[in-house]
Amino acid sequence: MPDLIQGLVIRTQAGYQHVQTDSGVYVCRLRGRLRKGRAEGDLVAVGDQVMIEPQPDMTGSIEKVLPRKSVFSRQLSGVNYNYQQIILANADLAMLVFACADPEPRLKMLDRFLVVTERAQIPAVIVVNKIDRCGFENARSKFSLYKDIGYEVVYVSAKTGEGLEEMRRHLAGKLTTLAGPSGVGKSSLINLILPDVKLETGVVGEESGRGRHTTQVRQLFELPEGGYIADVPGLRTLALWDIEAEELDAYFVEMAPLVPDCQFNDCSHSHEPGCAVRKAVASGEIHPDRYESYLRLRFGGDAMEDEEE
Ligand SMILES: Nc1nc2c(ncn2[C@@H]2O[C@H](COP(=O)(O)OP(=O)(O)OP(=O)(O)O)[C@@H](O)[C@H]2O)c(=O)[nH]1
Ligand SMILES: [Mg+2]
Ligand SMILES: [Zn+2]
């Protein structure tokens, strides 16, 4: 058995993984025996630490995927299957990127992202891009409620470079994934942070107001200050993976501490008497839009399905 070496999966595409090691980047495939059986989810993902058997021609095979410390994922479902798609393995930080305009931000989607990061125990920073398009005050009026509940919100423009230093400050030494809808400027921000990287960027459709899913591959870029940043395709949907309706209140950070004060310990915070959450909504302590997001996730038909736009 030849020696195995450890590496980091920095890119996946069409069944091939690019693995960065001390001796260069190897283009690898997952060893056949690891692919046996029906997978419930991605077996290997960008951000994974893997052991590979290297070949002199810089190809190799992945023999083992090391245990993950975090998984940022979503559920893909069809008639007969449920599949955990891993957006990034081992993320230390998720930067949830939304544009203040063009496309209009859907805060229900942001709330969904926050449920996923809270569940995965990945710290989240909200990045509001394109402030050149709508002005700082306008952007702040839309997003300040997230600061009020304890999230860091950074306002940036990939066009003017405003706010970039503040964004950078969060990146050093970490494995960070950007995540957000298509067209919000994720690739544009990486191009600005790393001038040697020239990712393709798309336009936002004038009529649809939506991005065009320009980025197709997930990949990591090394930062000069240490750490990596991941560009990923824009997400239109984010169905929650492995989250029970009953535990949702734990992932709304402003609700979670109130839950023990509800009169019933299985309170769903929708109609029960003595509900501390509803009381906080009534007093304005909890933002009504966040409460609505909670109710939609909890009771909106199949609570774990996203509405397709
Ligand atoms: N005015 C303005 N336009 C921006 C800004 N950032 C990005 N854009 C534009 O928005 C469009 C989409 O940018 P991308 O970087 O491709 O967006 P993305 O989030 O990577 O999109 P996907 O790869 O489809 O997920 C492009 O036309 C960019 O030039 C910004 O700060 N201000
Ligand atoms: Mg992109
Ligand atoms: Zn309650």
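Everything numeric here is computed off the predicted structure, so don't read it as measured data.

## So, the overall build of the protein chain
Then step 1. In terms of helices and strands, the protein chain carries 7 helices and 13 strands.
Then step 2. Computed over its C-alpha atoms, the radius of gyration of the protein chain comes to 21 Å, within 12% of the 19 Å expected for a compact globule of 309 residues.
Then step 3. Taking the principal axes of its C-alpha atoms as reference, the protein chain extends roughly 70 × 45 × 35 Å.
Then step 4. For the protein chain, the share of sequence-separated contacts (at least 6 apart) that also reach a separation of at least 24 residues comes to 64%.
Then step 5. For the protein chain, the accessible surface area stands at approximately 14900 Å², while carbon and sulfur atoms represent 48% of it.
Then step 6. When the 35 positive and 45 negative side-chain charges of the protein chain are each reduced to one mean point, those points stand 3 Å apart.

## Overview of the coordination of the magnesium ion (ligand 2)
Six octahedrally arranged donors around a metal ideally form angles of 90 or 180 degrees; four tetrahedrally arranged donors ideally form angles of 109.5 degrees.
Then step 1. Bound to the magnesium ion (ligand 2) are the protein donor atoms S187 (OG) and T215 (OG1), situated 1.9 to 2.1 Å from the metal. In this pair, S187 is assigned in helix α5 (residues 186–193) and T215 in the loop between α5 and β12 (218–222), connecting sequence segments 28 residues apart. Just as S187 is buried, T215 falls in that class too.

## Quick notes on the confidence of the model for the protein chain
Then step 1. Chain-level statistics for the protein chain give a pLDDT mean of 92 and a share of 96% at 70 or above.
Then step 2. Of the regions scoring below 50 in pLDDT, residues 302–309 engages in 25 contacts with residues more than four places distant in sequence or in other chains.

## Details of the pattern of salt bridges
Then step 1. On inspection of all chains with the given rule, the structure shows 15 salt bridges.
Then step 2. Residue D102 is joined to R133 by a salt bridge in which the shortest nitrogen-to-oxygen separation is 3.2 Å. Here D102 is found in the loop between β8 (93–99) and α1 (107–120), whereas its partner R133 is found in helix α2 (residues 131–134), with 31 residues between them in sequence.
Then step 3. Assessed through its relative accessible area of 29%, D102 is described here as partly exposed.
Then step 4. Between E137 and R140 there is a salt bridge, with its nearest N and O atoms 3.4 Å apart.

## A look at the packing of α1 against helix α3 (residues 136–148)
To describe two helices that pack against each other, one gives the angle between their axes and the distance between the axes.
Then step 1. At their nearest, the axes of α1 and α3 sit 12 Å apart, and the two run at 25 degrees to each other. One element, α1, and the other, α3, form an angle in the roughly parallel class. For the pair α1 and α3, the crossing hand works out as right-handed. Taken together, the residues of α3 that come into contact with α1 (itself represented by L107, L110, D111 and L114) are K142, F143 and Y146.
Then step 2. Split by residue class, the contact of α1 with α3 holds 5 nonpolar, no polar and 2 charged.

## Topic: the state of the cysteines
A covalent bond between the sulfur atoms of two cysteines is referred to as a disulfide.
Then step 1. For the coordinates displayed, the defined rule picks out 1 disulfide.
Then step 2. There is a disulfide in this structure between C100 and C134, and the S-S distance comes to 2.1 Å. Given an S-S torsion of about -115 degrees, the disulfide between C100 and C134 has left-handed geometry. Note that C100 is positioned in the loop between β8 and α1 and C134 in helix α2, a separation of 34 residues in sequence.
Then step 3. Owing to a relative accessible area of 0%, C100 belongs among the buried residues under this scheme.

## Thoughts on unusual backbone geometry
Then step 1. The residue after D102, namely P103, is reached through a cis peptide bond having omega 5 degrees.
Then step 2. Within the element layout of this structure, P103 appears in the loop between β8 and α1.
Then step 3. Residue A14 is not a glycine yet carries a positive backbone phi of 50 degrees.
Then step 4. Within the element layout of this structure, A14 appears in the loop between β1 (5–13) and β2 (16–21).

## Here we look at the coordination of the zinc ion (ligand 3)
Then step 1. Summarising the metal site, the zinc ion (ligand 3) is bound by the protein donors C262 (SG), C267 (SG), H269 (ND1) and C275 (SG), whose distances to it range over 2.1 to 2.4 Å.
Then step 2. Its 4 donor atoms give the zinc ion (ligand 3) angles of 104 to 116 degrees at the centre, a pattern that matches the tetrahedral case.
Then step 3. If you list the donors of the zinc ion (ligand 3) from N- to C-terminus, the spacing comes out as C-x4-C-x1-H-x5-C.

## Things to note about α1
Since there are 3.6 residues in each turn of an α-helix, residues three or four apart along the chain are aligned in direction.
Then step 1. Between its first and last C-alpha, α1 extends 20 Å over 14 residues, near the 20 Å set by a 1.5 Å rise per residue.
Then step 2. Counting buried positions along α1 gives 10 out of 14 residues, so the element sits mostly inside the fold.
Then step 3. Listing the buried residues of α1 in full gives M109, L110, D111, R112, F113, L114, V115, V116, T117 and A120.
Then step 4. In this structure, the buried side of α1 is in contact with β6 (71–77), β8, β9 (124–129), α3, β11 (174–179) and α7 (288–299).
Then step 5. At the C-terminal side of α1, Q121 shows a positive phi close to 55 degrees.

## Let's talk about the site of ligand 1
Then step 1. D132, S182, S188, G202 and T215 are the nearest of the 22 residues found near ligand 1.
Then step 2. Here an oxygen atom of ligand 1 and a backbone polar atom of H213 are 3.2 Å apart.
Then step 3. Between T215 and ligand 1, the recorded distance is 2.7 Å, taken from a side-chain N or O atom to an oxygen atom.
Then step 4. Coverage of ligand 1 by the protein chains reaches 88% of its 660 Å² of free accessible surface.
Then step 5. Looking at the shell around ligand 1, the elements that each hand over two or more residues are α2 and α5.

Definitions and limits used
Every chain is numbered independently, its residues counted from 1 as its sequence is written. Lettering of chains starts at A and numbering of ligands starts at 1, both following the order in which they are written. Restriction of local features to residues with pLDDT of at least 70 applies here, the model being predicted, together with a cutoff of 80 or more for giving and counting side-chain atom pairs; totals for whole chains, interfaces and linings are based on all residues. Calculation of side-chain values draws on the structure's entire complement of heavy atoms; hydrogens and water are dropped beforehand. Counting from the N terminus, the helices are the DSSP runs of H or I reaching at least four residues and the strands are the DSSP runs of E reaching at least two. Only C-alpha atoms enter the radius of gyration, while the globule expectation follows 2.2 Å times N to the 0.38, with N the number of residues. Residues are treated as being in contact if the distance between any of their heavy atoms lies within 4.5 Å. Every accessible area reported is derived by Shrake-Rupley at a probe size of 1.4 Å, with residue values counting cover from the shown protein chains alone. Only four residue types enter the charge count, namely Lys and Arg as positive and Asp and Glu as negative; His and the chain termini do not. A charged residue contributes its charge at one atom only: NZ of Lys, CZ of Arg, CG of Asp or CD of Glu. Donors, by definition, are the N, O and S atoms found within 2.8 Å of a metal, the threshold being 3.2 Å for Na, K and Ca, and water is not counted, so a site can look incomplete. Each residue's exposure class comes from its accessible area (1.4 Å probe, protein chains only) as a fraction of the maximum for that residue type: buried when under 20%, exposed when over 50%, partly exposed otherwise. Confidence scores labelled pLDDT are given residue by residue by the predictor and lie between 0 and 100. A pairing counts as a salt bridge when a side-chain nitrogen of Lys or Arg comes within 4 Å of a carboxyl oxygen of Asp or Glu. For helices, the axis comes from a line fit to the C-alpha atoms of the stretch in contact; other axes are also lines fit to C-alpha atoms, and the angle between any two N-to-C directions lies between 0 and 180 degrees. By definition in this entry, angles of less than 35 degrees are roughly parallel, angles greater than 145 are roughly antiparallel, angles of 65 to 115 are roughly perpendicular, and the rest are oblique. Working rule for handedness: look at the near helix, and if it is turned counterclockwise from the far one by less than a right angle, call the crossing left-handed; if clockwise, right-handed. Just so you know the grouping, Ala, Val, Leu, Ile, Met, Phe, Trp, Tyr, Cys and Pro go in nonpolar, Asp, Glu, Lys and Arg go in charged, and all remaining residues, Gly too, go in polar. The criterion for a disulfide is a pair of cysteine sulfur atoms lying within 2.5 Å. Donor angles set the geometry label: tetrahedral for four donors if every angle is between 85 and 135 degrees, square planar for four and octahedral for six if opposite donors exceed 155 degrees and the others are between 65 and 115, irregular for anything else. Expected span of a helix: the number of residues minus one, times 1.5 Å. Here a residue is near a molecule or strand as soon as one of its heavy atoms is found within 4 Å of it. Any pair of N or O atoms that falls within 3.5 Å is considered a polar contact. Within protein, one atom must be able to donate a hydrogen and the other to accept it, and sequence-neighbouring residues count only if both atoms are side-chain atoms.

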